[in-house]
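Here is how the chains run, residue by residue.
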Amino acid sequence: MESVELSNPAAFVSPLNPAFLCLFVFNLVFGFSLALNCISGIPVDTSPSGIVTALLVGGVVVASRRRSGFIDPLAALAALVVIAGLLCAIVSLFLPLGSASNYILRSGSACFSIIHYLVIFGIGSRNRIGALRVAAWACFLTGLGTLMGTLSGHGVNRLVGTNDALAAGLLCAILVSFVALAFLWLAKFSFRAVIFGVEPITPVVAPIESGKERESIEDRCARLGTQHGLTKREVELCALLARGRNGRAISDQLTLSYNTVKTHVKHIYMKLDVHTQQELIDLVEDGLGRQEEGA
């Protein structure tokens, strides 16, 4: 998979992608809703919130003009519902609102769970090789977020009745943090772009090499380096990539670590404005063709 990822970096989603942070945060909310107001470790029954979730999702889908255009509006709606749930949890410290906050928070996290599975299945349909890694990271962050959220919910429960002011302060801190995430950062992020930004894997077709062509590849990569600001090492890697070499072969030939090669390749693709190794090969071959025509 490493070789395929090096040749098609745009086909793989990085573990540092903001979508994974959103997944962690919303599952933290889910865990919080499970633990909040529980008695003797028994969570509040929030099964009726499924009806509210279905109505919210159905309304967003109907209101969307494009079939896949409901993903980002649904994420925004989920964020608003979570904020409402946190506000309700704060108010319930002073007014008898019962388990209303649990129902609202559960509805918000359930809406995001739909986005969670759409992202995984969407990426998997476009790149089946990378889908396993995406699913693994999603499972890890889902569990971690739920665990931390549950611990936070139990912490608030212990404060209720003994130190309501501190409990309210903790809930306010969670609310402010979530608002900052939803409106200052999540507002600029698109889950739809994550799904459709994953490009299908393009097989690499290496050029047929000859003595003259090998020299031409070196010369063309040197010219590309001058035009696009490649470093000497990047020009060297560019020529190897243009011959169809994979990451491991380049790592062994140049005695570099695979991660170093991967970093250089990302810089080369960015500077040359290509997204796959095949596009780089085509770019170099295009220059070779023009050179031969001129000769």
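It should be noted that the structure appears before, not after, this text.
Because the structure is predicted, anything quoted here is derived from the model rather than measured. (Residues numbered from 1 in each chain as written. Predicted model: local features only at pLDDT ≥ 70, side-chain atom pairs only at ≥ 80, totals over all residues. Heavy atoms only, no water.)

Take the layout of surface pockets next. For the second largest pocket, the calculated volume is near 170 Å³. Forming the boundary of the second largest pocket are Phe-24, Val-25, Leu-28, Val-29, Phe-32, Leu-86, Leu-105, Ile-174, Ser-177, Phe-178 and Leu-181. For the lining of the second largest pocket, the residue count by class is 10 nonpolar, 1 polar and no charged. (1 Å grid on protein atoms, 1.4 Å probe; cavity = no way out; pocket = protein on both sides within 12 Å on 5 of 7 lines; lining within 4 Å. Points joined across faces, edges and corners; volume = space filled by probe spheres on them. Nonpolar A, V, L, I, M, F, W, Y, C, P; charged D, E, K, R; others polar.)

What follows covers a nonpolar patch on the surface. Among the surface-exposed residues, Leu-80, Val-179, Phe-183 and Leu-184 lie close enough to one another that they form a single nonpolar patch of about 390 Å² accessible area. Here the nonpolar patch gets 3 residues from one element, more than from any other, and that element is helix 7 (residues 164-185). Relative to the assigned elements, Leu-80 resides in helix 4 (residues 71-91). (Patch = residues over 30% accessible without salt bridge, like charges linked within 9 Å, V, L, I, M, F, W, Y side chains within 5 Å. Areas by Shrake-Rupley, 256 points an atom, 1.4 Å probe, with all protein chains shown as cover. Salt bridge = Lys/Arg side-chain N within 4 Å of Asp/Glu carboxyl O. Helix = DSSP H or I, 4+ residues; strand = E, 2+ residues; numbered from the N terminus.)

Let's shift gears to a negative patch on the surface. Together, Asp-273, Glu-279, Asp-282 and Glu-285 make up a region of like negative charge exposed at the surface. Structurally, Glu-279 can be placed in helix 13 (residues 277-294). Accessibility expressed as a relative area gives 32% for Glu-279, which makes it partly exposed. (Lys, Arg positive; Asp, Glu negative; His and termini not counted. Charge placed at Lys NZ, Arg CZ, Asp CG, Glu CD. Buried < 20%, exposed > 50% of the residue type's maximum accessible area, 1.4 Å probe, protein only.)

The next subject is helix 12 (residues 258-272). For helix 12, with 15 residues, the first-to-last C-alpha span of 21 Å sits near the 21 Å given by 1.5 Å per residue. Two residues or fewer after helix 12 comes Asp-273, characterised by a positive phi angle close to 60 degrees. (Expected span 1.5 Å × (residues − 1).)

Mapping Val-82 onto the fold places it in helix 4. Between the alpha carbons of Val-82 and Asn-102 there is a distance of 10.0 Å; along the sequence they are 20 residues apart. In this view, Val-82 contacts Phe-26, Val-29, Leu-105, Gly-108, Ser-109 and Phe-178; residues no more than four positions away in its chain are not counted. (Contact = heavy atoms within 4.5 Å.)

Now for empty space enclosed by the protein. To find leftover empty space, one rolls a probe the size of a water molecule over the atoms. Scanning all chains against the criterion turns up 2 cavities of 30 Å³ or more. The computed volume of the largest cavity comes to approximately 110 Å³. For the lining of the largest cavity, the elements supplying multiple residues, two or more each, are helix 2 (18-35), helix 5 (100-126), helix 6 (128-159) and helix 8 (191-196). Element by element, the count of residues in the lining of the largest cavity is highest for helix 5, at 5 residues. Looking at the lining of the largest cavity residue by residue, the class counts come to 12 nonpolar, 2 polar and no charged. Within this model, the second largest cavity holds a volume of roughly 40 Å³. Leu-23, Phe-26, Asn-27, Phe-30, Ser-109, Phe-112, Ser-113 and His-116 together form the lining of the second largest cavity. Secondary structure elements with two or more residues in the lining of the second largest cavity: helix 2 and helix 5. Of the residues that constitute the lining of the second largest cavity, the class distribution is 4 nonpolar, 4 polar and no charged.

Our next topic: the packing of helix 3 (residues 49-63) against helix 4. Two elements in contact, helix 3 and helix 4, have axes separated by 10 Å at closest approach and are oriented at 145 degrees. Taken as a pair, helix 3 and helix 4 cross one another with a handedness that is right-handed. Between helix 3, through Leu-56, Val-57 and Val-60, and helix 4, the contact on the second element is made entirely by Pro-73, Leu-74, Leu-77 and Val-81. Here the residues of the contact of helix 3 with helix 4 are counted per class, giving 7 nonpolar, no polar and no charged. (Axes fitted to C-alpha atoms, helices over the stretch in contact; angles between N-to-C directions. Left-handed = near helix turned anticlockwise from the far one by under 90°.)

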